[in-house]
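Chain and residue survey
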Amino acid sequence: MSEGYLIAKKLYAEYGVDTDAAIAKLRDIPVSIHCWQGDDVVGLDGGGAASGGIQTTGNYPGRARNFEELKADIKKAFSLMPGKKRLNLHASYAVLDGERVDRDKYLPKHFEPWVKFAKELGLQGVDFNPTMFSHKNVKDGLTLSSPDENIRKFWIDHCISCLRIAEYFADEFKSACLVNIWIPDGFKDVPADRLTPRLRLKDSLDKILACGYDKSKVTVAVESKVFGIGVESYTVGSNEFYQNYAAKNDICCLLDNGHYHPLEFVSDKIPALLAFYDKVALHVTRGVRWDSDHVVLLEDELKEIAKEIVRNDAVEKVKIGLDYFDASINRLSAWVTGQRAMQKALLYALLINHKELKRVQDMADFTALMVKQEEYKALPFGMVWREYLKSENLAEEYLAEIRNYENIILKERK
């Protein structure tokens, strides 16, 4: 142990916090890391650049252009990330090897190479997402809410295929797979009918859930959004719709902290949902003025999200996943910076004596509560973080290694 860590350990002990225990607990909290940061959400199935209210900005050199390049980038980035990791895939990352098959017919075999790769990396499991964007069957901006029954059936079948693939992931890793359903459906301007598209979405979801999937292996989540580019006036899958649907059908709500009004906070929504749900899922991102999917940084809201997970003993209940895509900077650095920020926030939360702060709050001693919360901000958190990295055989500095990878590998991609 370094001298700095021993000093930090002693200071935290004065607040009733065991830093060794905090590090040990952090090491066991899995974070599901998204594959789509590496290629700007293009995918492998020929769908092309992201559409449906999603936009990736920037043209930094070195984007992964195929499965092998994406695997290499993930392997390198993951080697610089501490803690337990899962891999989060979109269906558009099916490895088709020239086979002509559309998304409604995807099978587990199209993801076997990903399973082999994830096992080689020693990952805890794989999570999954139907890809209902960047496809010719997004008709007039609609998928599961489309008035065209053929379009709607295509996407229903796609989601059912994804549930079957998720069961395969769960069997391979002996770990439940989170399947998150998000759709881009909405209208640019004021609609004439807000209800009927939602009734069609409800019917589509009912048909998907009725397929007979194994609930012990697959956790289905639905993800709301307030608006997207080109669908500013109306989103079919709104927060109110999905929270009610999830509660009624005993599935999970996924909270993306870029998908709400800037003055709404996911940190406040987590304990609200924990009062009613056994599980809550997260897509952690960083919105700047809108759902802009900036790289996650150690900011106040991220700390508050982590505090709500830790202080409510919800580490097992809250499924943490990352979701951002920045093409303006080195993509591997973006991956590592965001994952480490999430881990830092969790460690920061683990280094707080929440029991004592709750006691002070229940006494209505809000003066003491404010003072004590401020004191934690000045404790040597960084020393504990460095000790955690040391225990994971990692260093605080990782930019030089990423620059070396960029100079050797990424710059060769034209």
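Structure's up top.
I will try to describe carefully the structure that is included in this document.

**A short note on the packing of helix 5 (residues 149–173) against helix 6 (residues 195–209)**
Contact geometry of helix 5 with helix 6 gives a least axis separation of 9 Å together with a crossing angle of 35 degrees. The crossing of helix 5 and helix 6 is right-handed. Along the contact surface, helix 5 presents Arg 152, Ile 156, Cys 159, Ile 160 and Leu 163, while helix 6 presents Arg 200, Asp 203, Ser 204, Lys 207 and Ile 208. Each residue belonging to the contact of helix 5 with helix 6 can be placed in one class, and the counts come to 5 nonpolar, 1 polar and 4 charged.

**Regarding the nonpolar core**
Among the nonpolar cores identified, the biggest contains 131 residues, and Trp 114, Phe 128, Leu 144, Phe 169 and Leu 205 are the most heavily contacted of them. Beyond its immediate stretch of four places on either side in the chain, Phe 169 contacts Leu 89, Phe 111, Val 115, Val 126, Phe 128 and Cys 177. Residues Leu 178, Ala 221, Leu 254 and Ala 281 belong to the second largest nonpolar core, which totals 5 residues.

**Structural notes on the pairing of strand 1 (residues 31–34)**
With burial as the criterion, each face of strand 1 is covered, one bearing Val 31 and Ile 33 and the other bearing Ser 32 and His 34. Sheet analysis places strand 1 next to strand 2 (residues 85–90), joined by 4 bridges and oriented parallel. Each bridged residue has a counterpart across the sheet, and for Ser 32 the counterpart in strand 2 is Arg 86.

**Here we look at helix 10 (residues 331–350)**
Between its first and last C-alpha, helix 10 extends 29 Å over 20 residues, near the 28 Å set by a 1.5 Å rise per residue. In terms of burial, helix 10 is a largely internal element, 18 of the 20 residues being buried. Where helix 10 begins, one side-chain oxygen reaches toward the backbone nitrogen of Leu 332, 2.9 Å away; that side chain belongs to Asn 330.

**Remarks on the pattern of salt bridges**
Inspection of the entire model under this criterion finds 32 salt bridges. When the shortest N-O distance is used, the salt bridge between Asp 20 and Lys 9 registers 2.6 Å. Highlighted residues: Asp 20 in helix 2 (residues 19–27) and Lys 9 in helix 1 (residues 3–13), separated in sequence by 11 residues. Residue Lys 9 is classed as partly exposed on the basis of its relative accessible area of 25%. Taking the shortest distance from any N to any O, the salt bridge between Glu 374 and Lys 377 comes out at 2.6 Å. Linking Glu 374 with Lys 377, this pair stays in helix 12 (residues 366–377), spanning 3 residues, or about one helical turn. We classify Glu 374 as partly exposed; its relative accessible area is 42%. Through salt bridges with shared partners, one network takes in Arg 65, Glu 69, Asp 73 and Arg 413.

**Some points on the side chain of Asp 127**
Relative to the helices and strands, Asp 127 is located in strand 3 (residues 126–129). On the basis of relative accessibility, which here comes to 6%, the residue Asp 127 falls in the buried class. Among the polar contacts made by the side chain of Asp 127, one reaches the side chain of Ser 32 at a distance of 2.7 Å. Of note is the side chain of Asp 127, whose polar atom sits 3.0 Å from the backbone nitrogen of Leu 178. Those residues in contact with Asp 127 that sit more than four places away from it in its chain are Ser 32, Arg 86, Leu 87, Asn 88, Leu 89, Ala 176, Cys 177 and Leu 178.

**Here we look at helix 12**
Counting along an α-helix, one turn takes 3.6 residues, and residues three or four places apart therefore face a common direction. The terminal C-alpha atoms of helix 12, which comprises 12 residues, lie 17 Å apart, in line with the 16 Å expected from a rise of 1.5 Å per residue. When we look at burial in helix 12, the residues that qualify are Ala 368, Leu 369 and Tyr 376. Projected onto a plane normal to the axis of helix 12, the buried residues spread over an arc of 100 degrees and lie on a single side. Looking at helix 12, the residues exposed on the side facing more than 90 degrees away from the buried face are Phe 366, Thr 367, Met 370 and Lys 377.

**Structural notes on empty space enclosed by the protein**
Enumeration over the complete set of coordinates arrives at 3 cavities of 30 Å³ or more. By volume, the largest cavity is sized at about 200 Å³. Taken together, 18 residues line the largest cavity, and the ones lying closest to its centre are Ile 54, His 90, Trp 182, Asp 323 and Phe 325. Along the lines of polarity and charge, the residues of the lining of the largest cavity split into 6 nonpolar, 6 polar and 6 charged. Quantified by volume, the second largest cavity comes out at close to 40 Å³. Considering the residues around the second largest cavity, the lining is formed by Gly 52, Trp 182, Ile 183, Pro 184, Asp 185, Lys 225, Phe 227, Gly 228, Val 231 and Thr 235.

**Considering the side chain of Ser 92**
Within the fold, Ser 92 resides in the loop between strand 2 and helix 4 (112–120). In contact with Ser 92, not counting residues within four places along its chain, are Gly 43, Leu 44, Asp 45, Arg 103 and Thr 131.

Definitions and limits used
Residues numbered from 1 in each chain as written. Predicted model: local features only at pLDDT ≥ 70, side-chain atom pairs only at ≥ 80, totals over all residues. Heavy atoms only, no water. Axes fitted to C-alpha atoms, helices over the stretch in contact; angles between N-to-C directions. Helix = DSSP H or I, 4+ residues; strand = E, 2+ residues; numbered from the N terminus. Left-handed = near helix turned anticlockwise from the far one by under 90°. Contact = heavy atoms within 4.5 Å. Nonpolar A, V, L, I, M, F, W, Y, C, P; charged D, E, K, R; others polar. Core = buried A, V, L, I, M, F, W, Y, C linked by side-chain atoms within 4.5 Å. Buried < 20%, exposed > 50% of the residue type's maximum accessible area, 1.4 Å probe, protein only. Pairing = 2+ DSSP bridges. Expected span 1.5 Å × (residues − 1). Polar contact = N/O pair within 3.5 Å; in protein donor to acceptor, adjacent residues only side chain to side chain. Salt bridge = Lys/Arg side-chain N within 4 Å of Asp/Glu carboxyl O. Arc of directions from axis to C-beta. 1 Å grid on protein atoms, 1.4 Å probe; cavity = no way out; pocket = protein on both sides within 12 Å on 5 of 7 lines; lining within 4 Å. Points joined across faces, edges and corners; volume = space filled by probe spheres on them.

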